[in-house]
Amino acid sequence: MVNIHIRVKNLIRKYGTRNPLKIAKETGIQVIYWSFTDQTKGYSVKMLRNKFIVINSLLDDVSREVVAAHELGHAILHSSCDTYCLREYTLFPIGPYERQANIFAAELLIDEKDLNEYILCNMCNEDIASCFNVPVQLIEYKLESLRKCYRSKLL
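Scoring rules and cut-offs
Residues numbered from 1 in each chain as written. Predicted model: local features only at pLDDT ≥ 70, side-chain atom pairs only at ≥ 80, totals over all residues. Heavy atoms only, no water. Helix = DSSP H or I, 4+ residues; strand = E, 2+ residues; numbered from the N terminus. Phe/Tyr/Trp six-rings, centres within 6.5 Å; stacked < 30°, edge-to-face > 60°. Buried < 20%, exposed > 50% of the residue type's maximum accessible area, 1.4 Å probe, protein only. Salt bridge = Lys/Arg side-chain N within 4 Å of Asp/Glu carboxyl O.

A.B. asks: Tell me about the environment of Val67, and please be specific about residues and values.
C.D. replies: The residue Val67 is located in helix α3 (residues 61-77) in this model. In sequence terms Val67 and Asn56 are 11 residues apart; their C-alpha atoms lie 9.0 Å from each other.

A.B. asks: Kindly report on the packing of aromatic side chains, identifying the contributing residues and their values.
C.D. replies: Following the criterion strictly, the structure yields 2 aromatic pairs and no others. Here the aromatic rings of Tyr118 and Phe132 are separated by 5.6 Å at their centres, their planes lie at 85°, and the arrangement is edge-to-face. Of the two residues, Tyr118 sits in helix α5 (residues 112-120) while Phe132 sits in helix α6 (residues 125-132), which places them 14 residues apart along the sequence. On the basis of relative accessibility, which here comes to 25%, the residue Tyr118 falls in the partly exposed class. When its relative accessible area of 15% is taken as the criterion, Phe132 is described as buried.

A.B. asks: Tell me about the pattern of salt bridges, residues and numbers included.
C.D. replies: When the charged atoms of two side chains lie near each other, side chains of opposite charge can form a pair. Counting across every chain of the model gives 4 salt bridges. Between Asp111 and Arg18 there is a salt bridge whose closest N-O contact spans 3.9 Å. Of this pair, Asp111 sits in the loop between α4 (96-109) and α5 while Arg18 sits in the loop between α1 (4-15) and α2 (20-26), placing them 93 residues apart in sequence. For Asp111, a relative accessible area of 23% puts it in the partly exposed group. Taking the shortest distance from any N to any O, the salt bridge between Lys142 and Glu112 comes out at 3.7 Å. Of this pair, Lys142 sits in helix α7 (residues 136-154) while Glu112 sits in helix α5; the two residues are 30 residues apart in sequence, bridging distant segments of the chain. Accessibility expressed as a relative area gives 1% for Lys142, which makes it buried. By relative accessible area, which is 28% here, Glu112 ends up partly exposed. Here the salt bridges share partners, and the residues they tie into one network are Glu107, Glu112 and Lys142.

In structure tokens form, the structure reads like this:
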């Protein structure tokens, strides 16, 4: 199994950013904005060895960044798989590929140093999510990832 935490950490170090759009550009993944129905947020697809992330142009900037990070996760982790579609009411569906893309997005968008400071201030997950401009579920994924890293260092 791929270590998503390390994979994202290496991307951030290599490209000097947590911005999913900049990382997509640097890795040759084309980002396209397209107007969809309200239900479709975005998807990633690989065609003829070219990777694409398609994001609903009707989304607000914060949602676009979260969708871009999620779809970048698919493009990097699951490029040999079928097309992935992120719909409005299934941002956090159950399934290994969607879960991995969510973990990827959490690792990319949430700096653990900043997160630790918020935790030390006894902020609740909802308030922390508001500070990072991400859904609370991404905070939960990041906290779960940090717990796993901490446990593996103890062993």
